[in-house]
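The primary structure of each chain is shown beneath.
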Amino acid sequence: MSDSFQRFARTCEQIAGTTKKLQKTAIVSDFLKSLTSDVAAISAIFLSGRPFPVWEETTLQIGGRSLWQLVADLSGRNETEIDAAYRRYGDLGGVAQEVLPQRDTPELDVLDLEQAFRKIAAARGPSAKAALVRDLLTRATPLEAKYVVKIMTGDLRIGLKESLVEEAIAKAYGGPIADVQRGNMLLGDIGETLKLASEHQLGRAKIRLLHPIGFMLASPLESADEGLTYFADAAVEDKYDGIRAQAHISQGEVRIFSRTRDDITESFPELPAALSSLKE
């Protein structure tokens with residue numbers, strides 16, 4: 001089936017099998033184009049190395065040690081064998097593929113996996129979360145388990161950055177890469193960006209108050225003279241130490257987000273009252 005997670009995992013293996021950026025982009029583009037927009041949207045999020053869109057505060061809250069213990073328990077292997085596998089791969093996903101029991105018939109599909117991740121995130125307490133992860137890994141083939149674990153730990157390690165997923169979306173649906181990048185920056189959701197691209201509606205991407213947007217980051221230049229060529233009338237000021245943040249204000253509610261788009265409002269208790277009176 002086109003929405004099977006087994007197919008997703010095999011595509012990841014193809015991506016990992018080449019060092020060529022253009023080839024990686026083409027593999028992702030062909031894969032996304034072959035899916036329905038709903039499945040492609042979730043797949044794009046997974047290919048970016050995360051279980052949920054960037055803007056969401058949802059987290060799985062499963063530690064690496066807990067995942068390690070679950071993989072070890074399900075494998076039936078002893079600690080020495082697990083340690084040896086980790087030394088070979090340096091990655092718990094690779095360990096899971098090697099040591100977990102073989103399952104011939106894939107059961108997982110992309111949309112079901114996304115719902116499973118949300119159930120894990122919503123579960124209260126380590127025991128409840130561990131039970132859900134155990135059930136998920138029990139239903140996975142070793143190859144699927146490899147990428148379930150990789151998504152959960154936030155690093156696919158297949159040489160694929162989110163910027164390449166953006167390029168693949170532009171290639172798959174025929175839109176300018178700049179429009180895809182802008183849409184993803186404004187929405188903080190590469191899945192939603194993909195849906196708009198598939199409908200040729202990227203122009204509808206708008207800033208959503210109380211949802212963090214991507215930050216414009218500084219780029220290095222060869223010299224100050226080069227920097228001044230970009231402006232007709234430039235000015236220079238001292239830079240004081242601090243952090244880059246964005247404040248969202250809507251109907252008196254204030255939320256402050258860090259450069260990594262985490263909600264850091266509680267870290268600055270004196271600011272919401274001062275900012276809440278600003279007009280939208």
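Just above, that's the structure.
Residues numbered from 1 in each chain as written. Predicted model: local features only at pLDDT ≥ 70, side-chain atom pairs only at ≥ 80, totals over all residues. Heavy atoms only, no water.

(A) Structural view of the overall build of the protein chain. Of regular secondary structure, the protein chain possesses 14 helices and two strands. Relative to its 280 residues, the protein chain shows a buried fraction of 44%. Long-range contacts, defined as pairs at least 24 residues apart, comprise 65% of the intrachain contacts of the protein chain with a sequence gap of at least 6. Approximately 15700 Å² of the protein chain is accessible, and the part contributed by carbon and sulfur atoms is 50%. (Helix = DSSP H or I, 4+ residues; strand = E, 2+ residues; numbered from the N terminus. Buried < 20%, exposed > 50% of the residue type's maximum accessible area, 1.4 Å probe, protein only. Contact = heavy atoms within 4.5 Å. Areas by Shrake-Rupley, 256 points an atom, 1.4 Å probe, with all protein chains shown as cover.)

(B) Summary view of the packing of helix H1 (residues 5-16) against helix H9 (residues 142-153). Running from amino to carboxyl end, H1 crosses H9 at an angle of 75°, the nearest separation of the two axes being 9 Å. Between H1 and H9, the angle falls in the class roughly perpendicular. Contacts between H1 and H9 involve Phe5, Gln6, Phe8, Ala9, Arg10, Cys12 and Glu13 from the first element and Leu143, Glu144, Lys146, Tyr147, Val148 and Ile151 from the second. Per-class residue counts for the contact of H1 with H9 are eight nonpolar, one polar and four charged. (Axes fitted to C-alpha atoms, helices over the stretch in contact; angles between N-to-C directions. Parallel < 35°, antiparallel > 145°, perpendicular 65-115°, else oblique. Nonpolar A, V, L, I, M, F, W, Y, C, P; charged D, E, K, R; others polar.)

(C) A look at the pattern of salt bridges. Counted according to the given criterion, the structure contains 15 salt bridges. Of the charged contacts in the structure, one is a salt bridge between Lys195 and Asp38, with a shortest N-O distance of 3.2 Å. With Lys195 in helix H12 (residues 190-198) and Asp38 in helix H3 (residues 37-47), the pair connects residues that are 157 residues apart, well separated along the chain. The class of Asp38 is partly exposed, set by a relative accessible area of 41%. With a shortest N-O distance of 3.3 Å, Glu107 and Arg103 are connected by a salt bridge. (Salt bridge = Lys/Arg side-chain N within 4 Å of Asp/Glu carboxyl O.)

(D) Quick look at the environment of Pro272. With respect to the helices and strands, Pro272 occurs in helix H14 (residues 271-275). Between the C-alpha atom of Pro272 and that of Gly191, which follows or precedes it by 81 residues, the distance is 31 Å. In this structure Pro272 touches Val254 and Thr265, once residues within four positions along its chain are discounted.

(E) Looking closely at the packing of aromatic side chains. Taken as a whole and judged by the stated rule, the model has six aromatic pairs. Seen in terms of ring centroids, Phe8 and Phe31 are 6.2 Å apart; in terms of plane orientation they differ by 65°. Their pairing is edge-to-face. Of this pair, Phe8 sits in helix H1 while Phe31 sits in helix H2 (residues 21-33), and the two are 23 residues apart along the sequence. In this structure Phe31 comes out as buried when scored by relative accessible area, which is 4%. When the ring of Phe46 is compared with that of Phe117, the centres are 5.7 Å apart and the planes differ by 80°; the resulting orientation is edge-to-face. Here the residue Phe46 occupies a position in helix H3, and Phe117 occupies one in helix H7 (residues 110-122), the gap between them amounting to 71 residues. (Phe/Tyr/Trp six-rings, centres within 6.5 Å; stacked < 30°, edge-to-face > 60°.)

(F) Here's a closer look at the side chain of Thr141. The residue Thr141 is located in the loop between helix H8 (126-139) and H9 in this model. A polar contact is formed between the side chain of Thr141 and the side chain of Gln6, at a distance of 2.8 Å. Discounting residues that sit within four places of it in the chain, Thr141 has contacts with Gln6, Arg103, Thr105 and Pro106. (Polar contact = N/O pair within 3.5 Å; in protein donor to acceptor, adjacent residues only side chain to side chain.)

(G) Quick peek at the pairing of strand E1 (residues 245-250). Pairing geometry for E1 and strand E2 (residues 253-258), over six bridges, is antiparallel. If you follow Ala245 over to E2, its bridge partner there is Ser258. Remark: two residues form the turn of the hairpin made by E1 and E2, two consecutive strands paired antiparallel; Gln251 in that turn has positive phi of roughly 50°. (Pairing = 2+ DSSP bridges.)

(H) How the structure looks around the side chain of Asp189. Note that Asp189 resides in the loop between helix H11 (177-187) and H12. For the buried residue Asp189, which engages in no salt bridge, the nearest side chain bearing the opposite charge is Arg208, 4.9 Å off. Discounting chain neighbours no more than four positions away, the residues touching Asp189 are Ile45, Pro53, Trp55, Asn184 and Arg208. (Lys, Arg positive; Asp, Glu negative; His and termini not counted.)

(I) Region of interest: the packing of H3 against H7. Interhelical geometry of H3 versus H7 gives an angle of 55° and a closest axis separation of 9 Å. By the angle between their directions, the pair H3 and H7 is classed as oblique. The chirality of how H3 crosses H7 is left-handed. In this structure, H3 uses Asp38, Val39, Ile42, Ser43 and Phe46 to contact H7, whose residues at the interface are Val110, Leu111, Leu113, Glu114 and Phe117. Partitioning the contact of H3 with H7 into residue classes produces seven nonpolar, one polar and two charged. (Left-handed = near helix turned anticlockwise from the far one by under 90°.)

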